[in-house]
Structure formats: C-alpha cells, structure tokens
Amino acid sequence: MSETTATVPRWHAAGDWFDTCKCNVPCPCSFAQLPTHGDCDGILAWHIRDGRYGDVSLDGLNVLMVASFVGNIWGEHSDTYAAVFVDERADDPQRQALQMIFGGQAGSWPAQMVSMMDADMRGMEFAPIEIEVVDDLASWRAVVPGRVEASAEALTGPTTPKGARVQSTNLPGAETGPGQVATWGRSTVDRADAHGFLWSREGLSSKHITFDWAGPD
C-alpha cells in the first residue's frame, strides 16, 4: 500500500455494482438527497467482469463493502464507517491491485469516492464472496457466507412492459461515477453481521449500476 499514484500502472476495471440499503424505494441518496431516515447503512458489491492492473488480470474477482453514515453522503455527513471484504481467490498481486483500486490510491472514480466518504474503517479481510447478476437484470445477489447477504429483484408492476427494467440515467449520486444507467430493485434479503454492523431486513431499496473505470488518471 506504499505505492503512489506516480508509480501506479495503467489499469482498467469494468463490471457490475449493486447495493441494498435501509432507504425506501428509490433510495434518495442516489438523487443526492438526505436518506429516508436521515442516516443510511447498507451493503455494496462489485463484480469485475473485465479488469487488468498493469499485467495483472482482475477478471471475475469480487469486492464487497458494508457501510453506514449520517446525513447526505454527497454533502454534509458524519459518522461514516465501513468494512471491506476482498475476494479470497485473488493471489498476492491481485490482492494488492484490488486494495490499490478500491482504497483510492490508484486514481479514477474510486479515489474520488473514497475521498468524499472519508470513512473510518472497521476492518478489511479476505473472504469467499459469491456474486450473481442475472443477464437480463431481473435479480442480483451477493453473499459472504455467514457474514453478509444481499439479494434483490428488479422492480416491476402493472404498467411496466414485460421484461423491461425500471431505470434512471444521469443520477446526481451514482456510486459508480457519472454516465451509467441504474436499474431499480427491491431487496429480498439484506443482512449483515460483521465488523460491528448488524441488521436483517427486506423489501427496501436496491439498485444495480455498471461501472467502467480506468486509471491512474
């Protein structure tokens, strides 16, 4: 973790991100507004479909975060805490690359997000992470066995065409950065028991957004 941005190799990571949280549908945080209850906690999951850090392949690897905050995460906020799980399948070079990217030291959007959140870290560990995103975005799911579970189904209703998704563009508060499309869902499981985070609920906000980052710029 002593590597500086000046020595970071060219890198790229693209894939799926989604969350589950305690806000009502749709989560106001995505619109850069105060969360439903004035504070929020939730699970954030990343699956890298295509990634490379210099000569190190990151294809297929996962990262998961549990986090909480008070206030508007895009504005004035406090009491921001997080814990991170990194895919245990990663070898040493991959682990270093993932920690550089998601820790913000490798630049691009994650660096902006880490700086903005300014979270106190409650822990970081390597663990088995299972992430599944259905190709048609009908559902998505992430599990750290025995610790964290997040799953959701895409929103639908009587006026939503069959197979269509409820989506938003140009969100003022997109956790994966500008220019992506958010697909809205409702959680079916949202459960955490790790690093001081503890909750179990369902039926609240979830969303899927793709990410496509490149650095170190």
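As the structure is a prediction and not an experimental result, all values here were calculated from the model. (Residues numbered from 1 in each chain as written. Predicted model: local features only at pLDDT ≥ 70, side-chain atom pairs only at ≥ 80, totals over all residues. Heavy atoms only, no water.)

The next thing to look at is the state of the cysteines. According to the stated counting rule, one finds zero disulfides in the structure shown. Its sulfur unpaired, Cys21 is 3.8 Å from the next cysteine sulfur, which belongs to Cys27. Cys27 takes part in no disulfide bond, and the closest cysteine sulfur to it belongs to Cys29, at a distance of 3.6 Å. (Disulfide = S-S within 2.5 Å.)

With that out of the way, let us pick up helix α2 (residues 108–117). Of all the residues in α2, the buried ones are Ser108, Trp109, Pro110, Met113 and Met117. Those residues of α2 that are buried lie in contact with β1 (11–21), β4 (62–71), β5 (77–87), α1 (92–102) and β13 (205–215). Note on α2: the residue one or two positions beyond its end, Asp118, has a positive phi of about 50 degrees. (Buried < 20%, exposed > 50% of the residue type's maximum accessible area, 1.4 Å probe, protein only. Helix = DSSP H or I, 4+ residues; strand = E, 2+ residues; numbered from the N terminus. Contact = heavy atoms within 4.5 Å.)

All right, on to the packing of aromatic side chains then. In this description, an aromatic ring pair is defined by two values, namely the gap between the centres and the angle between the planes. According to the stated counting rule, one finds five aromatic pairs in the structure shown. Taking the centre distance of 6.0 Å and the plane angle of 5 degrees together, the rings of Phe31 and Trp184 count as stacked. Remark: Trp184 occurs in strand β11 (residues 181–194) and Phe31 occurs in the loop between β1 and β2 (39–53); sequence separation between them is 153 residues. When its relative accessible area of 32% is taken as the criterion, Phe31 is described as partly exposed. For Trp184, a relative accessible area of 3% puts it in the buried group. Considering the side-chain rings of Phe211 and Trp213, the 4.5 Å spacing of their centres and the 35 degrees angle between planes classify their relative orientation as tilted. Classification of Trp213 as buried rests on a relative accessible area of 5%. (Phe/Tyr/Trp six-rings, centres within 6.5 Å; stacked < 30°, edge-to-face > 60°.)

Time to look at the nonpolar core. Within soluble globular proteins, side chains that are nonpolar tend to cluster in buried spots. In terms of nonpolar packing, the biggest core is built from 41 residues, with Trp46, Tyr53 and Leu98 touching the most fellow members. Within the residue set of this core, elements represented by two or more residues are β1, β2, β4, β5, α1, α2, β11 and β13. What Trp46 contacts, discounting residues up to four positions off in sequence, is Asp16, Trp17, Leu61, Asn62, Val63, Leu64, Met65, Phe102, Ile131, Phe211 and Trp213. Judged by nonpolar contacts, the second largest core, of 23 residues, contains Phe18, Ile129, Ala150 and Phe197. (Core = buried A, V, L, I, M, F, W, Y, C linked by side-chain atoms within 4.5 Å.)

What follows covers the pairing of strand β8 (residues 139–144). For a regular strand, side chains alternate in direction, first toward one face of the sheet and then toward the other. Bridge analysis of strand β7 (residues 130–133) against β8 gives four bridges, and the strand direction is antiparallel. Paired with Val133 across the two strands is Trp140, which belongs to β8. The antiparallel hairpin formed by β7 and β8 contains five residues in its connecting segment, where Leu137 sits at a positive phi of about 60 degrees. Of the strand pairs in this sheet, β8 and strand β9 (residues 148–154) are connected by six bridges, and their pairing is antiparallel. Bridge pairing links Arg141 to Ser151 in β9. Between the antiparallel neighbours β8 and β9 lie three residues, among them Gly146 with a positive phi of about 75 degrees. (Pairing = 2+ DSSP bridges.)

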